[in-house]
Every structure is written in C-alpha cells, then in structure tokens.
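Each chain, written out:
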Amino acid sequence: MDLSTLTIAEARRALDAKEYSALELTNAYLDAIAQKDGEFHAYLEVWTDSAREEAKAADAMIAAGKSQPLTGIPIAVKDNMLIEGRIVSAASKILENYHASYDATVISKLKAQGVVFLGRTNMDEFALGSSTENSAYGPTKNPHDTSRVPGGTSGGSAAAVAAGMALAALGSDTGGSIRQPAAFCGVVGLKPTYGAVSRSGLIAAASSLDQIGTLAKNVNDAKILFDAIRGHDAMDSTSIENPKSEIRNPKKLGVPREFLTDLNPEIRTQFESTLQTLKDKGYSVTDVALPSLQYALAVYYIINPAEVSTNLARLDGIRYGLSVPADVIGEVYSKTRAAGFGAETRRRILVGTFVLSSGYADAYYRKARSARELIRADFAKAFESVDAIVMPTTPSPAFKLGEKNNDPVSLYLEDIFTVPVNLAGVPAISVPGGTVERDGKKLPVGFQIIGAWGGEQTLFAIGKDV
Ligand code: GLN
C-alpha cells in the first residue's frame, strides 16, 4: 500500500477484500509516524498499543461481516476532543495532565464503527491562532516545506494527513482552523454547518462559532468521515438533525469580487484558473454582493475573545488540570492561569473581558453581534441567486515559521476569507486549488466553496469537480 495516495474508500475496499488487515494498515501508519514525525511534529501523543488493539477488534468485525464505512480506518484526532481516560490538553500547559472523563460524541460514533485512533494532534493552544505556533509543545512543520507553518489551528491534523501519517483526521474550525491548514498542507478540509456535528466533548473555544469537521485527502473521504460524525445529539443543544436543503445539480457560483480587490496576484491567478476549470464543466459564475463582509474580521475578533474569555474562566486551578498552590484562593486562580496559559490565550482573555465589561459591552460586544446578523443576512440573500459562493481560502500560501510572531494583527488578517463563514454558521470546504512557488518549493493554495445552511452535499458535488 502507498500511504501517500491511499484513500479511505480504497482502504475500505482492500480491507473488506482481505488484501491486508486493519492491523497491517495500522502498523504501516505507526511506522510512517515513527519515521517522519520527528521532523514534522504533527502528533502530541501516539497511541501505539491501543491503536493495535483497536485494529485487531476491527479485523474481528470485518471477519464477522460487520464492517462499516470506517471499520479499521486509522485516523488522527485534534487534541481538543475528549476520549475517555486519555489526556486531552488543547495544546495547553494548563491541561497538560488532564484526563478526559467521557467520550466526545464524535468519538463515540467513530468507536461504534471500529475506527483506529492513531493519536492526538498538535494545535494552537485552545484553538487560538492560524499557524500551530501557539502550541505550548512547539510548532508543527508544513510537510511541503519544513521552514513553513502548516496553518492552524488544526495544523497537526492537516500535516498528519498530508504527510501520510493518518488516513484522515478530525479538526475543529472556529474561524478557519480546518480550512486554512487544509489549504496550506494541500488537503481537503470541511467546516460543516453550525450544529451539524455535535460539540459535546469538544473543548470549547468560542461556542457560537466552534464546529468539528474533517480533514482528508479528497472530497469523497471528507464526506465519508463527515457522514460518520454528523447528526443530532441530545448532549448538544445547538445540534441539528441532518438538514435537507440540498440542491440537485448545483451549477451557479457566486464570487464576491468587491471583497477580493486587494488579492495577492499569484493567489488570484490560481483562483481564476480553478474557476475556469469549473466553467469548463458547465458552471456559471456571477458576482455576488456581500457588503458586510468587510466587517467580518473586526466582528470575529470581538465575538471570539468574548466567548473564549467566558469559556476559559472554568480553568481556575480548582476544577481542571494545573493548580499552582497559594495562600489565598484568588492567588491560586491568578498564579495557575499565569503559569498555564500562553500569550495569545491571555490576549484573548484580556480583550474578551474588556469587550464584555459593563462600560464597553454596548460599544463592542453588542455592536459586533448586530453586525454578525448583517453578515448572516448577506449570505442568506446571496444564496437566493447562487448555489455556492467561492473565494480563496487564504490570502497567501503557508508563511515562514516565526514570520508573524510579533504581529498578532497580521496573523488575524490571514483569517479574512474564513471567519465570515463561521459568523454566518454556514458550511464551507477548502479543496486544493493549485500551487504557488516560494524558494523553489511548490506550496499548495486552497479554493474555498461556501454553501447555504445545511448545504454540505452541494459542497461535495462542486468540490469533486475542482
Ligand atoms: N485563526 C482564528 C482564531 O485564532 C481561527 C481559529 C479557529 O478556527 N479555531 O481565532
């Protein structure tokens, strides 16, 4: 088997045909991780023994004729999804030794299918960042050029799939954290409709934006994994039944041209060439107006910190993880949080606490929420005339490690094309859309397809044509 090109669909066929066993497949991945991950650092922990046990159980299921789409398929899990008994740290020092007390709903669903869990992947601490450099455990490197970032925050998951160290992976996307690393690493990344996948057992960053999704080698694999994890869950009050707003034969694409005027010329060239491919396949392309998109980044960087500051308040040195002893309780809180949180996490907590404070909530937080409704309405209006909206996933290809370390705003600007989707709650997929050359290396860029609420099947249909 060639792990660099193997897909879930092909592995399924081969496993069911008994061409190789789930144990052999798993061992091949464990070997690949042992050989390569010293260089890339996609994994924070590899579960060698339990992966082999799960593979044996999967082989028994297959032998008994009880194989399901993901039985025996080795996948990687971002380090912010709970697996009972395992450490889950959100790449933070504050949760370094925290063991999950239950399975996230996505994990229970995959366990029921007999999936093999290879390990937990690196990420930006608490899913805050765009490069995986905010991990407390050191950055992940981009498999296409190890002097560059893999994107973030699901950078470990994207790099693991791109480097043939997992057949597919789970990620989470609050403002682009599946799509942007997928783009930088040349894989497919799906951010489902808000509520399509249960968030129960996902360590919360910004609850109204967070969504679990899939990273895979191609669109079909992203769909197979999504189908396995989607669906209503009583444990998540925001989760929804599988929506049925599908368009039979989506052919009408909209491009928000006015939003793309300053686009980097090389990214534009790749984008236009992918558009041309779709036109050649019978797609029509029109301009769509999304006037409020210009506020999306500002709105996101108010709402995200506000919700992050609230969610992370539970990490107080008493209830979970790290606890720094002190004489008075207030000092336990402050010392634990000072020792446990990295710089970006502290920045979000400070900004979030500020925008929610009584003197400023009207000026910032409530204003941002109103503007968010305009963004949602703009998308809804655009989808009256087109089946999908397309634009680049990112304004640039993978940047150098350290390049944006001292300039958080330049890092935030990386999210300009991805955050509007989370604010609107609609689904989007990033598929590989060409390459640009940097320092003699070909770096992948992403083509983003955004669907109407519940429109995942539309994204898969179009994505397969790219
Ligand atoms: N880069 C964005 C942020 O830092 C998105 C992160 C994410 O999607 N988790 O908030």
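Engineer: Can you walk me through the overall build of the protein in this structure?
Structural biologist: From N to C terminus, the protein includes 15 helices and 11 strands. Against the compact-globule benchmark of 23 Å for 466 residues, the protein has a radius of gyration of 21 Å, which places it among compact chains. Each principal axis of the C-alpha atoms in the protein carries an extent, and together these give about 70 × 65 × 50 Å. The buried share of the protein, reckoned over its 466 residues, is 59%. Counted over contacts in the protein with a minimum sequence separation of 6, partners at least 24 positions apart contribute 75%. When the accessible surface of the protein is summed, it comes to about 17,200 Å², and 52% of that surface belongs to carbon and sulfur atoms. Positive and negative side-chain charges in the protein, numbering 48 and 53 respectively, have mean positions lying 2 Å apart.

Engineer: How should helix α10 (residues 329–340) be read in this particular structure?
Structural biologist: Because the α-helix completes a turn every 3.6 residues, residues three or four places apart line up on one side. End to end, α10 covers 16 Å across 12 residues, agreeing with the expected 16 Å (1.5 Å per residue, within 8%). The inward-facing, buried residues of α10 abut α11 (343–356).

Engineer: Which parts of the structure should I look at to understand the pairing of strand β9 (residues 388–392)?
Structural biologist: For β9, a buried count of five out of five residues is recorded, marking the element as mostly surrounded by other parts of the structure. One ladder, built from two bridges, connects strand β7 (residues 252–255) with β9; its direction is parallel. If you follow L253 over to β9, its bridge partner there is A388.

Engineer: Teacher, can you tell me more about the environment of L278 here?
Structural biologist: Relative to the assigned elements, L278 resides in helix α8 (residues 265–280). Placed 188 residues apart in sequence, L278 and V466 show a C-alpha to C-alpha distance of 6.4 Å.

Engineer: Would you take a moment to explain the sheet that holds strand β10 (residues 428–438) for this structure?
Structural biologist: Pairing between sheet strands relies on hydrogen bonds along the backbone, with the strands arranged either parallel or antiparallel. A sheet is described by the order of its strands in space; here 11 strands give the open sequence β1-β3-β2-β4-β6-β5-β10-β11-β9-β7-β8, paired in mixed fashion. Both edges of this open sheet fall to β1 (43–46) and β8 (284–287), since each of them pairs with a single strand only. Strand-to-strand, the axes of this sheet are offset by a mean angle of 30 degrees, without reference to chain direction. The strands touched by helix α3 (residues 48–63) within the sheet are β1 and β3 (116–121), with β3 carrying the most contacts at an inclination of about 155 degrees.

Engineer: Just checking my understanding: could you explain the pattern of salt bridges for this structure?
Structural biologist: Any two side chains of opposite charge can pair, on the condition that their charged atoms come close. Inspection of the entire model under this criterion finds 26 salt bridges. Taking the shortest distance from any N to any O, the salt bridge between E45 and R120 comes out at 2.8 Å. Here the residue E45 occupies a position in strand β1, and R120 occupies one in strand β3, the gap between them amounting to 75 residues. One salt bridge in this structure joins R348 and E344, with 2.7 Å as the shortest N-O distance. Of this pair, R348 and E344 both sit in helix α11, four residues apart, which is roughly one turn of the helix. Each of D145, R148, K400, D439 and K441 takes part in one network of salt bridges that share partners.

Engineer: Any chance you could explain a nonpolar patch on the surface here in plain terms?
Structural biologist: A cluster of nonpolar residues, I318, I329 and Y333, forms a patch on the protein surface that exposes about 290 Å² of accessible area. Relative to the assigned elements, I318 resides in the loop between α9 (296–311) and α10.

Engineer: I'm lost on the pairing of strand β5 (residues 188–191) in this one. Help?
Structural biologist: Remember that side chains alternate between the two faces of the sheet whenever the strand is regular. The two faces of β5 match: V188 and L190 on one face and G189 and K191 on the other face are all buried. Summarising the sheet, β5 and β10 pair through three bridges and their orientation is antiparallel. In the strand pairing of β10, K191 is matched with A428.

Engineer: Help me understand the nonpolar core, please; the structure alone is not making it clear to me.
Structural biologist: Nonpolar side chains in soluble globular proteins tend to be buried together. In terms of nonpolar packing, the biggest core is built from 140 residues, with L110 and F126 touching the most fellow members. Among the elements that make up this core, the one with the highest residue count is α9 (nine residues). Apart from residues lying up to four places away in sequence, L110 is in contact with L70, I75, V115, F117, L170, L225, A228 and I229. Membership of the second largest hydrophobic core comes to five residues, among which are F184, A398, F399 and L411.

Engineer: What is the right way to read the site of the ligand from this model?
Structural biologist: Close contacts around the ligand come from 15 residues, with G175, S177, Y300, R348 and D415 the closest. Y301 is positioned with one of its side-chain polar atoms (N or O) 3.5 Å from an oxygen atom of the ligand. Contacts to the ligand include N304, whose side-chain N or O atom sits 3.5 Å from an oxygen atom. For the ligand, whose free accessible area comes to 290 Å², the fraction covered by protein is 99%. When residues of the shell around the ligand are assigned to their parent elements, the largest contribution, three residues, is made by α9.

Engineer: For this particular structure, what's the right way to read unusual backbone geometry?
Structural biologist: Glycine aside, residues mostly have negative phi, and peptide bonds are mostly found in the trans state. Residues G152 and T153 are joined by a peptide bond in cis, for which omega reads 10 degrees. Along the chain, T153 turns up in the loop between β3 and α5 (155–162). Positive phi is not limited to glycine here, since A90 has a value of about 50 degrees. Its place among the elements puts A90 in the loop between β2 (74–78) and α4 (105–113). Located in the positive-phi region is A127, a residue other than glycine, with phi close to 60 degrees. Residue classification places A127 among the buried residues on the basis of a relative accessible area of 7%.

About the cut-offs
- Residues numbered from 1 in each chain as written.
- Predicted model: local features only at pLDDT ≥ 70, side-chain atom pairs only at ≥ 80, totals over all residues.
- Heavy atoms only, no water.
- Helix = DSSP H or I, 4+ residues; strand = E, 2+ residues; numbered from the N terminus.
- Rg over C-alpha atoms; globule rule 2.2 N^0.38 Å.
- Buried < 20%, exposed > 50% of the residue type's maximum accessible area, 1.4 Å probe, protein only.
- Contact = heavy atoms within 4.5 Å.
- Areas by Shrake-Rupley, 256 points an atom, 1.4 Å probe, with all protein chains shown as cover.
- Lys, Arg positive; Asp, Glu negative; His and termini not counted.
- Charge placed at Lys NZ, Arg CZ, Asp CG, Glu CD.
- Expected span 1.5 Å × (residues − 1).
- Pairing = 2+ DSSP bridges.
- Axes fitted to C-alpha atoms, helices over the stretch in contact; angles between N-to-C directions.
- Salt bridge = Lys/Arg side-chain N within 4 Å of Asp/Glu carboxyl O.
- Patch = residues over 30% accessible without salt bridge, like charges linked within 9 Å, V, L, I, M, F, W, Y side chains within 5 Å.
- Core = buried A, V, L, I, M, F, W, Y, C linked by side-chain atoms within 4.5 Å.
- Near = heavy atom within 4 Å.
- Polar contact = N/O pair within 3.5 Å; in protein donor to acceptor, adjacent residues only side chain to side chain.

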